[in-house]
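# Tertiary structure, described
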Amino acid sequence: MAKIKHHNFLNTVHEVFTDAKRAGVLHLYAGGSSFSGRTIRIGGKDMFHFGTTGYLGLEQDARLKEAAKEAIDKYGTQFPLSKSYISNPLYEALESTIGDMYGHPIVITKNSTLGHMGVIPSAVDDDDVIILDHQVHWSVQNAAKMLKTRSVPIEMIRHNNLEMLEDKIKKYQHSKSQIWYMADGIYSMYGDYAPVKELMALSEKYPQLHFYFDDVHGMSWTGRNGTGYVLDQLGDLPGNVLLFGTLSKTFGASGAVLACSNPEMYDKIKTFGGPLTFSAQLEPASVAAAMASALIHLSPEIYDLQQELRERIDYFNACLSTTELPLIDQNESPVFYIGTGMPKTGYNFVNRLMGEGYYVNLGIFPAVPVKNTGVRITISRHNQKAEIKGLVEAMEHHFPLALEDTQTNSKRVFHAFKLEHRAQSEPQVSGELTIEILDTIHQVDKAAWNRYMGGEGVYDWEGLHFLEKAFQGNAQKEHNWLFRYVIIKDSKDIPVLMTFLTLSLWKDDMLAQAQISASIEQERKEDPYHLTSMVLSLGCLFTEGEHLYWDKSHELSGAARDGLLELMEKMERQFGAKMTVLRDFGVNPAWNEALYGHGFLRVQMPNSCTVELKGIDSMTMYIEQLSARNRRHFRKDIQPFLELTQSKIISNASALQIKELKRLFSEVQKRNLGLNTFSFPDKLFEQMNENDLWEFIVLTPKEKPNEILGVMFCYSNQKAVYVPSFVGMDYNHLETYSTYRQLLYRTIERAIALKLPKIDFGMTASFEKRKLGAMVYEKYAYLQTNDNFILEMLGVMEGQH
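Throughout what follows, the structure given in this document is the object of discussion. As the structure is a computational prediction, the values presented were derived from the model and not from experiment.

When you go through the chain residue by residue, the secondary structure sums to 28 helices and 26 strands. Here the C-alpha atoms of the chain give a radius of gyration of 31 Å, agreeing with the 28 Å that 2.2 N^0.38 yields for 801 residues. Its C-alpha atoms give the chain principal-axis dimensions of about 90 × 60 × 50 Å. Sequence-distant contacts in the chain: of pairs separated by 6 or more residues, those separated by 24 or more amount to 75%. In the chain, which carries 82 positive and 97 negative side-chain charges, the distance between the mean positions of the two groups comes to 6 Å.

As structure tokens, this is what we get:
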């Protein structure tokens, strides 16, 4: 398999969001001439609002509104001057009052995103290290990544995994000054908590450990003076903790606040903190509103407000407890998450609830893994018990209907979130289709397989027979692949869909940038299986091409496609795979829409290349039909080197030759960190040598006929296509003999001699192949992961090496 183009995260997010926008559940506009907080107008319809982050409803408090209006009258709409020079007249009182809330010095920032960008680079020194919880808010991750330019290591652990955190601490305790762990207090999607007390116990064991908590979703609705969940757990703010809260969201105004009990650290941040110095300050109206809210927080009233919200949260929890809805995390926060699994089910469910008059948020990638799409429901003091009960009844009614509409079931949703499934439901599979799952190609009818799947790549019946022998019964686990063959037929026993799947061990960085893989390979010298996972894949890592026969004209084609995807879900669970990959798709809207709806992300692969040879009798004829530019390329970059070498076809190599061919392949494989895979088993090459369908195109210097410069490992698929599967080269002589270009030329020459009508040239070096007349096609892979950890961890590593 050729090098895959690096995943473009922003393009993927754009495609996912565009899909959600088309479904009418994202990037909406609120309407109406006023806003109460209890209801929200969307598309001309008033709905009960269960999507706010103003949990206490203070944004509608008359005292905050009056303070804001009075400040505008007195000071204008803004105070256009950097705070480094002078703050607006209301700032000093606000800083003092917020400081009274926390009992420690504070820094007020324009918002939390700019605050993190100002504070983190100031607090973290060059000889420190940062460890991120992989679910910590994007704004914290983004600010931390700024320190890559200062060579500060950034690590990531799985969500709330204290064992993994301790391993990272041990890794750096003797080489770094301070170890910063960054996490949310309350996580914004599922409403779960950071294990604050357990983390503080860990810091007693490792004094270098410092904490950076973003507690904006824990603010106001809990804790002394409404200072949030983290401080409530801590009791007081220790010197090794930096705590971020918010003056927006539940606080009801604008801005963010950093609390710090370490005087030296506070002075360092306050004096110069990047955006804290150069960004505009809060508008007078925001400062005044925040001051009014702070006075409420310092009064006994805040506890009454918290209790009113607590009663609503408890009531919602009680209503949910009588249902079979998949509540992802049971806790006492105002944030709830009902899983839908597939995005298309989430779209359907949200639209159904809006149709009943209830607005909820859609939880979607990258905030959650694509297959963990769901609805985020937030409870506020605006919500009354009648509409809370009504929302639960609407969800209980529409959830199974949304599942039915999108051809799924509750069991699949519960499995996606690793929840125990209580309700009984059967898969929505068409009774007109039968699915055969076979363990070996020997159980598959050879003529039928070759009719539908032959004629491309190394996966006709004979090719798969070869691969099964090569990738089974080996000593190392990465060399043992499990094969499964799937045939979906209609009631007349006619195939609608046919494919093969493999389960094999992949390196998690296989699709990452080469410099990231180079760094991870250093760690694999100690642990060969560091960052590796079992992957369920369409096709296998040895093959390229359209690994799928699908009769799109069949009336049950959609049902067959969905049946395959559900089957792969079951196999992923059965075999414990961490990722599912469907690859080598062309531009196919029917599959693209379906795969997005099922929770797959699309990644562009290198272009695929083929050479058509019908009617071509000789190499001279082939060169003559090339374009003028490509003929010039041949005369300049290939023809002069042909005189320096000779090529020969070896179908039965000696033991010494096989050893050299292995070495040359290894030279190419170990350099291709852009597609970082495990090596192939040694017996693969011996079995190639024994198989009549395989041969080696070997290039040698004329003056040294026993010295091999390069080799193309080639397979003849029936009488339909020639497949140069992979290449081996001696890099010491690569430019002297133009080895790779010569091997491409000799491959075309050989296919013509064999009278084969086509070459499958694969995906590597499409630029070079195009210059020799290859046709080029776009190809895509679709990935579905159990969580976002690997994607986010590799994203954090980008640019560090």
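Back to the text.
Let's shift gears to the nonpolar core. Ranked by size, the top nonpolar core spans 111 residues in total, and within it Ile-98, Tyr-102, Phe-316, Ile-377 and Met-395 carry the most contacts. Those residues in contact with Met-395 that lie beyond four places of it in its chain are Phe-316, Leu-320, Leu-325, Ile-338, Phe-349, Leu-353, Ile-377 and Pro-400. Core analysis: the second largest hydrophobic core is formed by 51 residues, Ile-441, Trp-449, Ile-487 and Phe-696 among them.

The next subject is the packing of aromatic side chains. Throughout the structure, instances matching the rule amount to 37 aromatic pairs. Relative to Tyr-485, the ring of Trp-449 has its centre 5.6 Å away and its plane inclined at 85 degrees; by these criteria the two rings are edge-to-face. Placement of Trp-449 in helix α16 (residues 446-453) and of Tyr-485 in strand β15 (residues 482-489) is noted, with a sequence separation of 36 residues between them. As far as the burial class goes, Trp-449 and Tyr-485 line up, both buried. Note that Lys-446 overlies the ring of Trp-461, its terminal NZ or CZ placed 4.6 Å from the centroid.

What follows is about the sheet that holds strand β10 (residues 256-260). Across the sheet, which stays open at both edges, the seven strands sit in the order β4-β10-β9-β8-β7-β5-β6 with mixed pairing between neighbours. The sheet is open, and its two borders are formed by β4 (106-109) and β6 (154-157), each paired with just one other strand. Strand-to-strand twist in this sheet, taken as the mean axis angle between neighbours without regard to direction, amounts to 20 degrees. Summarising the sheet, strand β5 (residues 129-133) and β6 pair through four bridges and their orientation is parallel. When the bridges of β6 are listed, Asp-133 appears paired with Ile-157. Running over the sheet, helix α3 (residues 91-102) touches β4, β9 (241-246) and β10 and is turned about 125 degrees from β4. Sheet strands touched by helix α6 (residues 162-172): β5, β6, β7 (179-184) and β8 (209-214). Its angle to β6, the strand with the most contacts, is close to 155 degrees.

What follows deals with the sheet that holds strand β1 (residues 30-31). Read across the open sheet, the six strands follow the order β1-β2-β3-β12-β13-β11; overall the sheet is mixed. Of all strands in the sheet, those with a lone pairing partner are β1 and β11 (335-341), marking the two edges. Pairing geometry for strand β12 (residues 358-363) and strand β13 (residues 373-378), over three bridges, is antiparallel. For Leu-362, the partnering residue across the bridge sits in β13 and is Val-375. Those strands touched by helix α13 (residues 343-355) are β2 (39-42), β3 (45-50), β11, β12 and β13, and its axis lies near 165 degrees from that of β12. Lying over the sheet, helix α14 (residues 385-405) contacts β3, β11, β12 and β13, oriented at roughly 60 degrees with respect to β12.

Here we come to helix α17 (residues 461-470). Counting buried positions along α17 yields seven of 10 residues, so the element is predominantly enclosed. Every buried residue belonging to α17 is among Trp-461, Gly-463, Leu-464, Phe-466, Leu-467, Glu-468 and Ala-470, and all of these are buried. Here the buried face of α17 lies against α16, β15, β16 (495-507), α24 (683-690), β22 (694-701) and β23 (710-717).

Our focus in this paragraph is the pattern of salt bridges. The final tally for this structure, using the stated rule, is 41 salt bridges. Put simply, Glu-66 and Lys-69 hold a salt bridge, and the shortest N to O gap is 3.1 Å. Of this pair, Glu-66 and Lys-69 are both found in helix α2 (residues 62-75), three residues apart, which corresponds to roughly one turn of the helix. Take Glu-66: its relative accessible area is 46%, and that puts it in the partly exposed class. As a salt-bridge pair, Lys-771 and Glu-768 come within 3.7 Å of each other at their nearest N and O atoms. Pair check on accessibility: Lys-771 and Glu-768 agree, each one buried. If you follow the salt bridges from partner to partner, you end up with Glu-155, Lys-168, Lys-171 and Glu-523 in one network.

A few words now on the environment of Glu-396. Locating Glu-396 in the fold gives a position in helix α14. Glu-396 sits 72 residues away from Glu-324 along the chain, and the two C-alpha atoms are 7.8 Å apart. Setting aside residues up to four positions removed in sequence, Glu-396 forms contacts with Thr-322, Thr-323 and Leu-325.

Attention shifts here to a nonpolar patch on the surface. On the surface, Leu-81, Tyr-85 and Ile-86 cluster together to form a nonpolar patch covering roughly 340 Å² of accessible area. Residue position: Leu-81 is located in the loop between α2 and α3. You can call Leu-81 partly exposed: its relative accessible area is 36%.

In this section: α24. Listed in full, the buried residues belonging to α24 are Leu-684, Phe-685, Gln-687, Met-688 and Asn-689. Contacts made by the buried residues of α24 are with α17, α23 (655-671), β22, β23 and β24 (721-729).

So, on to the side chain of Asp-584. Following the sequence through the fold, Asp-584 ends up in strand β19 (residues 579-585). For Asp-584, the side chain forms a polar contact with the main-chain nitrogen of Gly-545, separated by 2.7 Å. Once residues lying within four places of it in the same chain are set aside, the contact partners of Asp-584 are Thr-543, Glu-544, Gly-545, Glu-546, His-547, Met-605, Met-763, Lys-779 and Tyr-780.

Attention now moves to the environment of Pro-89. Looking at where Pro-89 falls in the secondary structure, it is placed in the loop between α2 and α3. Separated by 356 residues in the primary sequence, Pro-89 and Asp-445 place their C-alpha atoms 84 Å from one another. Every residue in contact with Pro-89, bar those within four places of it in the chain, is listed here: Tyr-75 and Phe-79.

The omega angle of the peptide bond from Phe-365 to Pro-366 is 10 degrees, so this bond is cis rather than trans. Take Pro-366: it is sitting in the loop between β12 and β13. Phi angles above zero are rare outside glycine, and Asn-225 is one such case at about 55 degrees. Tracing the chain through its elements places Asn-225 in the loop between β8 and α8 (229-234). Owing to a relative accessible area of 10%, Asn-225 belongs among the buried residues under this scheme. Positive phi, normally seen in glycine, also occurs at Gln-407, with a value near 55 degrees. Mapped onto the secondary structure, Gln-407 falls in the loop between α14 and α15 (410-416).

Rules and cut-offs
- Residues numbered from 1 in each chain as written.
- Predicted model: local features only at pLDDT ≥ 70, side-chain atom pairs only at ≥ 80, totals over all residues.
- Heavy atoms only, no water.
- Helix = DSSP H or I, 4+ residues; strand = E, 2+ residues; numbered from the N terminus.
- Rg over C-alpha atoms; globule rule 2.2 N^0.38 Å.
- Contact = heavy atoms within 4.5 Å.
- Lys, Arg positive; Asp, Glu negative; His and termini not counted.
- Charge placed at Lys NZ, Arg CZ, Asp CG, Glu CD.
- Core = buried A, V, L, I, M, F, W, Y, C linked by side-chain atoms within 4.5 Å.
- Buried < 20%, exposed > 50% of the residue type's maximum accessible area, 1.4 Å probe, protein only.
- Phe/Tyr/Trp six-rings, centres within 6.5 Å; stacked < 30°, edge-to-face > 60°.
- Lys NZ or Arg CZ within 6 Å of the ring centre and 35° of its normal.
- Pairing = 2+ DSSP bridges.
- Axes fitted to C-alpha atoms, helices over the stretch in contact; angles between N-to-C directions.
- Salt bridge = Lys/Arg side-chain N within 4 Å of Asp/Glu carboxyl O.
- Patch = residues over 30% accessible without salt bridge, like charges linked within 9 Å, V, L, I, M, F, W, Y side chains within 5 Å.
- Areas by Shrake-Rupley, 256 points an atom, 1.4 Å probe, with all protein chains shown as cover.
- Polar contact = N/O pair within 3.5 Å; in protein donor to acceptor, adjacent residues only side chain to side chain.

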